[in-house]
Amino acid sequence: MKHPVLYACCASAVLLAACGHSSSTSEAPVAKDRYALANGCFVLRDDGSGRYVQRSGDTYALTPDVARAEPFFFKPTALGRYLLYGRDAHFVAALPRARGVTAAASADESADWTIDGEAPLYTLRSDEVDASLVAGEAGLQLADAGSDFRFEAAQDCASFPEIGTNASGTTYRGRGVGQPVVGFADSHLHITATDFLGGTHYGRPFHRYGVTEALKDCVVQHGPAGTLDLVGNLYVYTNPLATHETQGWPSFHDWPSWKSLTHEQTYYKWLERAWLAGQRLTINFLVQNETLCNIEANTVGLSPGENCNEMDAARLQVQQIHDLQDYIDAQEGGPGKGWFRLVDSPAAARRVINEGKMAVVLGIENSHLFDCALKVGIPQCDKETIDRELDEFYALGVRTVFPMHEFNNALGGNGLFNGLILNVGNFIDTGSFWQTYDCPDQPYLYQGGTKMTGVPLVLLNGSDPLSLFVQNVLNGSPVGLPVYDPSTNQCNTRTLTDLGRYLIQRLIDKKVMIEVDHMELKMKSEVLDIAEAQTPSYPVMSSHGGHGGVSIEQAQRIFRTGGLIFDYKGNGQGYVEALQKTEPLHDPRYFFGFGFGADTNGMGTQARPRNEQKKAPVQYPFTLFQGPDWGPQFNGFKPVSFDHQQSGERVYDTDVDGFAHYGMMADFVEEVRIEGGKPALDALYNSAEAYLQMWERAENR
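Conventions we followed
- Residues numbered from 1 in each chain as written.
- Predicted model: local features only at pLDDT ≥ 70, side-chain atom pairs only at ≥ 80, totals over all residues.
- Heavy atoms only, no water.
- Helix = DSSP H or I, 4+ residues; strand = E, 2+ residues; numbered from the N terminus.
- Rg over C-alpha atoms; globule rule 2.2 N^0.38 Å.
- Buried < 20%, exposed > 50% of the residue type's maximum accessible area, 1.4 Å probe, protein only.
- Contact = heavy atoms within 4.5 Å.
- Areas by Shrake-Rupley, 256 points an atom, 1.4 Å probe, with all protein chains shown as cover.
- Lys, Arg positive; Asp, Glu negative; His and termini not counted.
- Charge placed at Lys NZ, Arg CZ, Asp CG, Glu CD.
- Expected span 1.5 Å × (residues − 1).
- Polar contact = N/O pair within 3.5 Å; in protein donor to acceptor, adjacent residues only side chain to side chain.
- Salt bridge = Lys/Arg side-chain N within 4 Å of Asp/Glu carboxyl O.
- Pairing = 2+ DSSP bridges.
- Axes fitted to C-alpha atoms, helices over the stretch in contact; angles between N-to-C directions.
- Core = buried A, V, L, I, M, F, W, Y, C linked by side-chain atoms within 4.5 Å.
- pLDDT = per-residue confidence, 0-100.
- Disulfide = S-S within 2.5 Å.
- Phe/Tyr/Trp six-rings, centres within 6.5 Å; stacked < 30°, edge-to-face > 60°.
- Lys NZ or Arg CZ within 6 Å of the ring centre and 35° of its normal.

Q: What's the story with the overall build of the protein in this structure? I'm lost.
A: A tally of regular secondary structure across the protein gives 19 helices and 33 strands. For 701 residues, the compact-globule estimate of 2.2 N^0.38 gives 27 Å, and the protein sits close to it at 27 Å. Each of the three principal axes of the protein carries a C-alpha extent, and together these read 85 × 60 × 55 Å. Within the protein, the proportion of its 701 residues that are buried is 61%. The contacts of the protein with a sequence gap of at least 6 include a subset with a gap of at least 24, amounting to 73%. Of the roughly 24,700 Å² that the protein leaves accessible, carbon and sulfur atoms contribute 49%. For the protein, the centre of its 56 positive side-chain charges and the centre of its 85 negative side-chain charges are spaced 5 Å apart.

Structure below.
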């Protein structure tokens, strides 16, 4: 694997190894197949004339002198497709009208070439023009039938702009078939939230034309100074008129940030750094919220190709994550060669992890799961809808679901949090505000409910921007909120419905994992009743800190079903504290590991820098998988060294920036080592195995 700060032209010896070349012949080495061109440096030689392609002003001529040939960096845009990037940051591009070729300053469809053929001869075709590259007397041109080209290894290519992993060394492979996997699990991530909330989320985990497009200035979506980032401003600043610096690549002044909820934080190179640090299992949740999406869409307009229906968004996101897998494969040299692999069974996950790769599982986290919205008390789905859509998404690879998310639905009641904004959202979505009761006074692992103090006065009488926004949403209606008891946390009176019971049993029959986070407190107990009534008990999961509350009794019941509880991801201090609270509750019959749900890209605040009481700062560079803290399970693992993560011009430090983006995962691991030593690292790196064993208990009943 290649892990420099910026991909640069390889020295010839490195390039030969990367591309599988042999230097034993007198001929200049060529790529062994069209995928092996990925991120390599080559000159183009016309096979018919033996001449090389050279830059000539805005066009390309042919020369017999290899010393005058233009070296091109071959940047994959997809499997078998490439940008040809020249020394002065130009791209070989097709001219549709003239059927000619030009040197373009930026990449678009005209610069995207499909390369086909078998070594050593290849053709280049432009789908945009529906024509192929030919080497004519006047230089490069386009025609229906293309010339055969040889791509010969070269040096001195321009560095294609890219974010680096800032890591050196090779991450470890698995122990082998039949052995427990070693690695940590993120049980709650949103890589595919690209079009989340109708344009609220900005940026992408990848773009065919690179980081300069994936993470460019967000003014195109959030408006000048971020003034159109309505939902993000409400969540972060409780002020829809808040502003932020929009510049992304290369300065990244205000984003990504641990407290910025509406900018991309899972760019694929950041994910790669997490994989290098030992992340071996990732649960990616397809996510949308129709009501918040419509609010934003009505303000700034929908993203291209997007609508706010939650299950349509899930269908789109399934395709997006397959596209990401293919894109990573393309960067790494061909189909199946990438470190990012989608899986749909624990056996497949074990196989992928033992190959040293990251196994990725699909789930759904929507308030309108299977279109089961609730409108003025009327369910919008029935049993037939549930059966049909469950079968559809199971076939698409979904293996875990949240019956509840942010609003009440036809299945039950949501756990209350972020009371003001989501209560208004629940009103818009369902036609009713939350009805509540005083949460029980009992021991909690995660506190149930939320305080609802002073909401009616803020909404109806305030003149601040948030109040004005809410009044506008309600169209000036005199509707007021219920009066809540401000002295204690409030829980939702709506619990599991008959449709909800039907869904839970169907999920068990289908062997799909059930997430109890976001359920109302009593609803969690009702679902546990159903899980415990199975023979044997059916495991359930709390993947990111028990949203809606988890009592100590419920936590013990979750573990007794063979399920797991992972904390919402904090910093290293928070992880160790959560581990110390959770581990004593687990059932000793089952293997224990303690992962986390980062909720990155999911409108969930990320971990802030550790406080002044931290045991010690993170010292860069740091090395993982070596020294006494790591213990015997890591014997034989090659150490991997991590320096400060650098994205463009921005250099990140975990003690200053916190979990600004997913590339800070390695830094989080080092925080865990500092704060908790070997016991904490053991729990963390056993979390993938613990999750797989839970999944196997569900599958093998």
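Here the narrative resumes.
Q: Any chance you could explain helix H14 (residues 521-533) here in plain terms?
A: Note on helix geometry: an α-helix contains 3.6 residues per turn, so any two residues three or four positions apart are oriented the same way. With 13 residues, H14 should cover 18 Å at 1.5 Å per step; its first-to-last C-alpha distance of 19 Å lies within 8% of that length. In this structure Glu520 caps H14, since a side-chain oxygen of it lies 2.6 Å from the backbone nitrogen of Lys522.

Q: Before we go on, may I ask you to explain the pattern of salt bridges in this structure?
A: A side chain with one charge can pair with a side chain of the opposite charge if their charged atoms come near. One pass over the full model with this rule turns up 36 salt bridges. We note a salt bridge from Arg99 to Asp144, for which the minimum N-O separation is 3.2 Å. Taken together, the residues Arg99 in the loop between strand S6 (91-95) and strand S7 (100-104) and Asp144 in the loop between strand S11 (139-143) and strand S12 (149-153) connect sequence positions 45 residues apart. When the shortest N-O distance is used, the salt bridge between Glu532 and Arg557 registers 2.7 Å. Here Glu532, found in helix H14, pairs with Arg557, found in helix H15 (residues 552-560); they are 25 residues apart in sequence, far enough to count as distant. When its relative accessible area of 10% is taken as the criterion, Arg557 is described as buried.

Q: Would you mind going over the sheet that holds strand S30 (residues 622-624) with me for this structure?
A: Backbone hydrogen bonds hold the strands of a sheet together, and the pairing may be parallel or antiparallel. Pairing within the open sheet is antiparallel, and its three strands lie in the order S13-S31-S30. At either margin of the open sheet sits one strand with a lone partner, and together these are strand S13 (167-168) and S30. Judged from the three bridges that link them, S30 and strand S31 (residues 640-642) form a sheet pairing that is antiparallel. From the neighbouring strand, Leu624 faces S31, where its bridge partner is Val640. Along the sheet, helix H18 (residues 665-685) makes contact with S30 and S31, crossing S30 at roughly 35°.

Q: What should I look at first to understand the environment of Glu118 in this one?
A: Relative to the elements of secondary structure, Glu118 occurs in strand S8 (residues 113-118). On the basis of relative accessible area, Glu118 is assigned to the exposed category, the value being 69%.

Q: Would you mind showing me how to read helix H10 (residues 419-430) here?
A: With 12 residues, H10 should cover 16 Å at 1.5 Å per step; its first-to-last C-alpha distance of 16 Å lies within 8% of that length. When you tally the buried positions in H10, you get 10 out of 12 residues, the bulk of the element. Those residues of H10 lying buried are Gly419, Ile421, Leu422, Asn423, Val424, Gly425, Asn426, Phe427, Asp429 and Thr430. Directly after H10, the chain includes Gly431, whose backbone phi takes a positive value near 90°.

Q: Help me out: how do you make sense of the nonpolar core in this one?
A: Taken as a class, soluble globular proteins show a tendency for nonpolar side chains to be buried jointly. Residues Tyr575, Tyr662, Tyr685 and Tyr691 are the most contacted members of the largest nonpolar core, which totals 135 residues. Considering each element in turn, this core owes the most residues, 11 residues, to H18. Leu37, Ala38, Phe74 and Leu142 belong to the second-largest nonpolar core, a separate cluster that totals 28 residues.

Q: Could you clarify how one ought to interpret the confidence of the model for the protein in this entry?
A: For any part of a model where pLDDT is low, the fine detail of the predicted coordinates should not be relied upon. Per-residue confidence for the protein averages 90 on the pLDDT scale, and 90% of its residues sit at or above 70. Low confidence marks residues 1-27, where pLDDT is under 50. Its contacts with residues over four positions away, or in another chain, come to 64 contacts. Between residues 454-469, whose pLDDT stays under 50, and residues either more than four places distant or in other chains, the model counts 31 contacts.

Q: Honestly, the state of the cysteines in this entry has me stumped. Any pointers?
A: Between two cysteines, a covalent bond joining their sulfur atoms is known as a disulfide. A complete count under the given rule lists four disulfides for this structure. Each disulfide pairs two cysteine sulfurs, and for Cys372 the partner residue is Cys381, the sulfurs being separated by 2.0 Å. Of note, the bridge from Cys372 to Cys381 carries an S-S torsion of about 100° and is right-handed in sense. Looking at Cys381, the relative accessible area reads 8%, which means it is buried. The disulfide partner of Cys439 is Cys491, and the S-S distance across this bridge is 2.0 Å. What sets the handedness of the Cys439 and Cys491 disulfide is the S-S torsion sign, and at about 110° it is right-handed. Placement of the pair is Cys439 in the loop between strand S21 (436-438) and strand S22 (444-446) and Cys491 in strand S23 (residues 490-492), with a sequence separation of 52 residues.

Q: Please explain the packing of aromatic side chains as it appears in this structure.
A: By convention here, two paired aromatic rings are described through the distance between centres and the angle between planes. Under the counting rule described, the total for this entry stands at 41 aromatic pairs. Taking 5.4 Å as the distance between ring centres and 45° as the angle between the ring planes, the aromatic pair formed by Tyr575 and Phe594 counts as tilted. One end of the pair, Tyr575, is in helix H16 (residues 572-582); the other, Phe594, is in the loop between H16 and strand S29 (596-597), with 19 residues separating them in the sequence. Of the two residues, Tyr575 and Phe594, neither departs from the other in class, the shared state being buried. Taking 6.3 Å as the distance between ring centres and 10° as the angle between the ring planes, the aromatic pair formed by Phe592 and Phe594 counts as stacked. Note on accessibility: Phe592 and Phe594 belong to one class, buried. Across the ring face of Tyr394, the terminal group of Arg399 is positioned such that the distance to the ring centre comes to 3.5 Å.

Q: What am I meant to see in the pairing of strand S4 (residues 72-78) here?
A: Looking down a regular strand, the side chains alternate between one sheet face and the other. Counting buried residues along S4, six of its seven residues qualify, which places the element largely inside the surrounding structure. Where strand S1 (residues 40-46) lies against S4, three bridges are found, and the strand directions are antiparallel. Across the sheet, the residue bridging to Phe42 is Phe72, located in S4. Once S4 ends, the chain turns through two residues before running back antiparallel as strand S5 (residues 81-85), passing Gly80 with a positive phi of about 80°.

Q: Help me out: how do you make sense of the environment of Tyr52 in this one?
A: Within the fold, Tyr52 resides in strand S2 (residues 52-56). Between the alpha carbons of Tyr52 and Phe151 there is a distance of 9.8 Å; along the sequence they are 99 residues apart. There is a polar contact of 3.1 Å between the side chain of Tyr52 and the side chain of Glu152.

Q: Would you take a moment to explain unusual backbone geometry for this structure?
A: Both trends apply: most residues other than glycine have a negative phi, and most peptide bonds are in trans. With an omega of 10°, the peptide bond between Ala119 and Pro120 qualifies as cis. Topologically, Pro120 is positioned in the loop between S8 and strand S9 (121-126). The residue after Trp249, namely Pro250, is reached through a cis peptide bond having omega 0°. Looking at where Pro250 falls in the secondary structure, it is placed in the loop between helix H4 (230-237) and helix H5 (268-276). Residues other than glycine seldom take positive phi values, yet Asn39 does so here, at roughly 55°. Turning to its location among the elements, Asn39 is positioned in the loop between helix H1 (12-19) and S1. Judged by relative accessible area, which is 2%, Asn39 ranks as buried. One non-glycine residue with positive phi stands out, namely Asp156, at about 70°. Assignment of secondary structure puts Asp156 in the loop between S12 and S13.

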